[in-house]
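Read off the chains here:
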Amino acid sequence: MPDLGKYADAVLSSYALSLLLVFALVGWAVMRSRKTRAALAEVEERMKGRG
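None of these values were measured; they are calculated from a predicted model.

About the criteria used
- Residues numbered from 1 in each chain as written.
- Predicted model: local features only at pLDDT ≥ 70, side-chain atom pairs only at ≥ 80, totals over all residues.
- Heavy atoms only, no water.
- Helix = DSSP H or I, 4+ residues; strand = E, 2+ residues; numbered from the N terminus.
- Rg over C-alpha atoms; globule rule 2.2 N^0.38 Å.
- Buried < 20%, exposed > 50% of the residue type's maximum accessible area, 1.4 Å probe, protein only.
- Areas by Shrake-Rupley, 256 points an atom, 1.4 Å probe, with all protein chains shown as cover.
- Lys, Arg positive; Asp, Glu negative; His and termini not counted.
- Charge placed at Lys NZ, Arg CZ, Asp CG, Glu CD.

Draft legend 1. Fine view of the overall build of the chain. Secondary structure assignment for the chain yields one helix and zero strands. A globule of 51 residues ought to have a C-alpha radius of gyration of about 10 Å, yet the chain, at 22 Å, is considerably larger. Each principal axis of the C-alpha distribution contributes one length, and for the chain these read about 70 × 15 × 5 Å. When the 51 residues of the chain are sorted by exposure, 0% land in the buried category. Accessible area of the chain: about 5,000 Å², with a carbon and sulfur share of 66%. Once the 8 positive and 5 negative side-chain charges of the chain are each reduced to a mean point, those two points are 10 Å apart.

See the structure below:
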């Protein structure tokens, strides 16, 4: 790891915050995907009943 000197706290906290945001966005995308997939399956089931 490079010597960050007096900026170590700022740099490391920025990395931590960035990783936290990336994980939050991935989690949000996964939850949204599951919700959308469930809604699509429901619509497909209703369409089968009509046909």
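The structure having been displayed, the exposition proceeds.
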